[in-house]
Every structure is written in structure tokens, then in C-alpha cells.
Amino acid sequence: MGLLDGKVAIITGAGGGLGEAYAKLFAKEGAAVVVNDLGGARDGTGADRSAAQKVVDEITAAGGRAVANGDDVSTVQGGENILKAALDNFGQVDILVCNAGILRDKTFANTSEEDWDAVIKVHLKGTYCCALPVWKWLKDNGRPGSMVLTSSTSGLYGNFGQANYGAAKAGIYGLVRVLSIEGRKYGIRVMGLAPGAYTRMTSDLPGRQGREPDPMSLPENVAPGVLYMVSDLAADHSGKVLGVSSRGVREIKMLETEGFNPGRPYTAQEVAENAAKVFFADDKARTLASA
Ligand code: NAI
């Protein structure tokens, strides 16, 4: 018995990195998988359909079921084609992992409009383009489903040099929250993911160049956390963000202080005087900005 027996999963950007590990694990757990990948470079340029096909070949060689799709997640047509690949080949869809992504890191002052647009388009619009057709199909067919939308600590906490990427990833967090609320009446669960893994996207981060990766940070050691999220093991959870990395699995949450509220008009000076109530006194939350 696999955790995903009888399920059909779409995983975007699954021609390498984390998506490839999800695809292989989901297939091993019984899901039929649509392996989407445009197959471009890390900055989003170029395309090579063989990336997705290679993963499919490996899944089928291991006895699993999978089909390759080379569409661009960042177009409405691409998102519709990806759903069509699931329906044409497997007749249904139950799980969507929006994982495809690109990186164009620059300090804010050096970020061109093109870099801004490209990153927002693949991550934020790409999540919209892929989630919407699946959402409508699930809703129209009265079927429950689960979605994992990939955010990042860069968007949730902030990270130097990632204005475009962080903005896109924070937008995805907002989408998780809204869709989890709208999805309640349809039985559609939507979870947010802040992964951490050694992939081509992160292999040259400061401190990582030329060093052997920590085995726990390899995508295959991160994938079980995401399998948990899409499976019925997490049936009670929606609208939550999990950090899944070599540090294990943990919830990342937006919090509010008790605050300063005198119940009457107040001055800016009074806010300053009550700063201890406004701000978290004991800020132990991990913030990359202050790390
Ligand atoms: P990766 O670069 O190995 O994989 C991303 C995949 O997305 C690539 O195979 C690429 O060809 C594909 N892709 C890019 N644009 C596409 C498009 N328009 N249409 C279809 N496919 C497209 O990167 P990695 O690390 O596996 O990242 C996966 C996701 O996790 C991304 O959303 C990334 O932002 C996110 N993430 C990863 C972290 C990490 O530590 N590796 C940290 C935080 C977030």
C-alpha cells in the first residue's frame, strides 16, 4: 500500500532538483505523475523537454507511472496544457505541487524591470496559471484535492539580494491563505512550502561553493515532508506553511502581538511609549534578515 495509491499528481518544474525528488517519491507511493518541466537554465532562459522525459524514463523503469510535459508554467495556456496532460493520460487529478522556479538575484537597485518581471511571472503568475485550471476541475467535478504551493523563507522572512524572488514568494504565501479559505467548501487543501535543499538553485550560495552537500539537504531527504503534506496524513491541515529542509519539518506562522489599543484616539508618541506592547518582546523567531 502506497500513501498515494490511486492518486494523480502534477508536479511543476520536476525535471530536476526538488521537483524530481517529489515526482520519484510520489510515483513510488503509487501516484501517477505528470512531470512538468520547461528545462531552461537557472535564470529561466532556454528550454529542453528532455529534462522532464529523463525523470519519466527513470520512474517508468522503476515500475511507476508518469508522463512528461514541457509547457511553460507562466502562461495560462501552459497551465491548461499541464492539466490536460493529467486528464488525457490518467483521467483525473488529485494533487498539484507548484514547484517550478527561476532565480535572478540582484540587489534592489540593480534589479532590472526584465529581471523583476521574469521572476514574478514564473513564480507568482506561474502558480496562478497552474493552480486555477486544477482548482476549477476539482470544483466542477466535486472532488477533493491537495495543493502545495512553493514559497520560500526569502519571501516569509526576507533575504538580501532577492527583491523580485522574495516578493513573488510572499505573494504565493498570500495565495495559500486565500485559497485555503476558499477551498474549505470544496474539500481542497492548500499548503505552503518553504523548502531548503541542495539543488542547482542553491549550490552556489555563500559557504556552499566547492563543498560536499550535507546529505540531509539532498532533495530526496526533503521530499518525504512534502509527501506528507499532499497525502491524507495531513488531511486536517490547510492554509499552513511548513518549512521542510535538512532541519526537518516545522510550521512557519504569521503572528500578531496583543498590541497597544487604548480604545480612544492616540498619538504617535503614545505608540512609541507602548512599544513593548506593539512589538514582540522576545523575538526568538528565526529572521534571515537579522541572521
Ligand atoms: P531547480 O532549479 O533545481 O528546479 C526548478 C525547476 O523549475 C527546473 O527544473 C526548471 O527547469 C523548472 N522551471 C523553471 N521555469 C519553468 C517554467 N516557466 N515552466 C516549467 N518549469 C520551469 O530549483 P529547486 O531548488 O529544485 O527549486 C524548486 C522550488 O523550490 C522553486 O520554486 C524554488 O524557488 C523553491 N525553493 C528552493 C529552495 C532550495 O533550497 N532549493 C529554497 C526556497 C525555495
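**Q** Which parts of the structure should I look at to understand the site of the ligand?
**A** Around the ligand, the surrounding shell holds 30 residues, and the nearest of these are D37, D72, N99, Y165 and T199. Backbone polar atom of A197 to an oxygen atom of the ligand: 2.9 Å apart, as the coordinates give it. About the coverage of the ligand: the protein hides 95% of its 830 Å² of free accessible area. Elements supplying a minimum of two residues to the shell around the ligand: helix 1 (17-28), helix 4 (113-140) and helix 6 (163-183). Of the residues in the shell around the ligand, the class split is 10 nonpolar, 15 polar and five charged.

**Q** Just checking my understanding: could you explain the sheet that holds strand 1 (residues 8-11) for this structure?
**A** Strand pairing in a sheet takes place through backbone hydrogen bonds and is either antiparallel or parallel in direction. Pairing within the open sheet is mixed, and its eight strands lie in the order 3-2-1-4-5-6-7-8. Since the sheet does not close on itself, it has two edges, and those belong to strand 3 (65-69) and strand 8 (248-252), each with one partner. The average angle at which neighbouring strand axes cross in this sheet is 20°, direction not considered. Packing of helix 2 (residues 50-61) onto the sheet brings it into contact with strand 2 (32-36) and strand 3, and relative to strand 3 it is tilted by some 170°. On the sheet, helix 4 packs against strand 1, strand 4 (95-98), strand 5 (145-150) and strand 6 (188-195) and is oriented at approximately 175° with respect to strand 5.

**Q** How do you make sense of the environment of T60 when you look at a structure like this?
**A** With respect to the element layout, T60 can be found in helix 2. Spatially, the C-alpha atom of T60 lies 9.0 Å from that of A27, the residues being 33 residues apart in sequence.

**Q** Hey, could you run me through helix 1 in this one?
**A** The periodicity of an α-helix, 3.6 residues per turn, causes residues three or four places apart in sequence to face the same way. In this model, helix 1 (12 residues) spans 17 Å end to end at C-alpha, consistent with the 16 Å of a helix rising 1.5 Å per residue. Those residues of helix 1 lying buried are L18, G19, A21, Y22, A23, L25, F26 and A27. Next to the buried residues of helix 1 lie strand 1, strand 2, helix 2, strand 4, strand 6 and helix 7 (219-230).

**Q** Looking at this structure, how should I read the packing of helix 1 against helix 2?
**A** Two quantities define a packed helix pair, namely the angle between the helix axes and the distance between the axes. Viewed as axis vectors pointing N to C, helix 1 and helix 2 meet at an angle of 25°, and their least axial separation amounts to 10 Å. Overall, the two elements helix 1 and helix 2 adopt an arrangement that is roughly parallel. In this structure, helix 1 meets helix 2 at a crossing whose hand is right-handed. Contact residues: E20, A23, K24 and A27 in helix 1; V55, E58 and I59 in helix 2. Split by residue class, the contact of helix 1 with helix 2 holds four nonpolar, no polar and three charged.

Conventions we followed
- Residues numbered from 1 in each chain as written.
- Predicted model: local features only at pLDDT ≥ 70, side-chain atom pairs only at ≥ 80, totals over all residues.
- Heavy atoms only, no water.
- Near = heavy atom within 4 Å.
- Polar contact = N/O pair within 3.5 Å; in protein donor to acceptor, adjacent residues only side chain to side chain.
- Areas by Shrake-Rupley, 256 points an atom, 1.4 Å probe, with all protein chains shown as cover.
- Helix = DSSP H or I, 4+ residues; strand = E, 2+ residues; numbered from the N terminus.
- Nonpolar A, V, L, I, M, F, W, Y, C, P; charged D, E, K, R; others polar.
- Pairing = 2+ DSSP bridges.
- Axes fitted to C-alpha atoms, helices over the stretch in contact; angles between N-to-C directions.
- Contact = heavy atoms within 4.5 Å.
- Expected span 1.5 Å × (residues − 1).
- Buried < 20%, exposed > 50% of the residue type's maximum accessible area, 1.4 Å probe, protein only.
- Parallel < 35°, antiparallel > 145°, perpendicular 65-115°, else oblique.
- Left-handed = near helix turned anticlockwise from the far one by under 90°.

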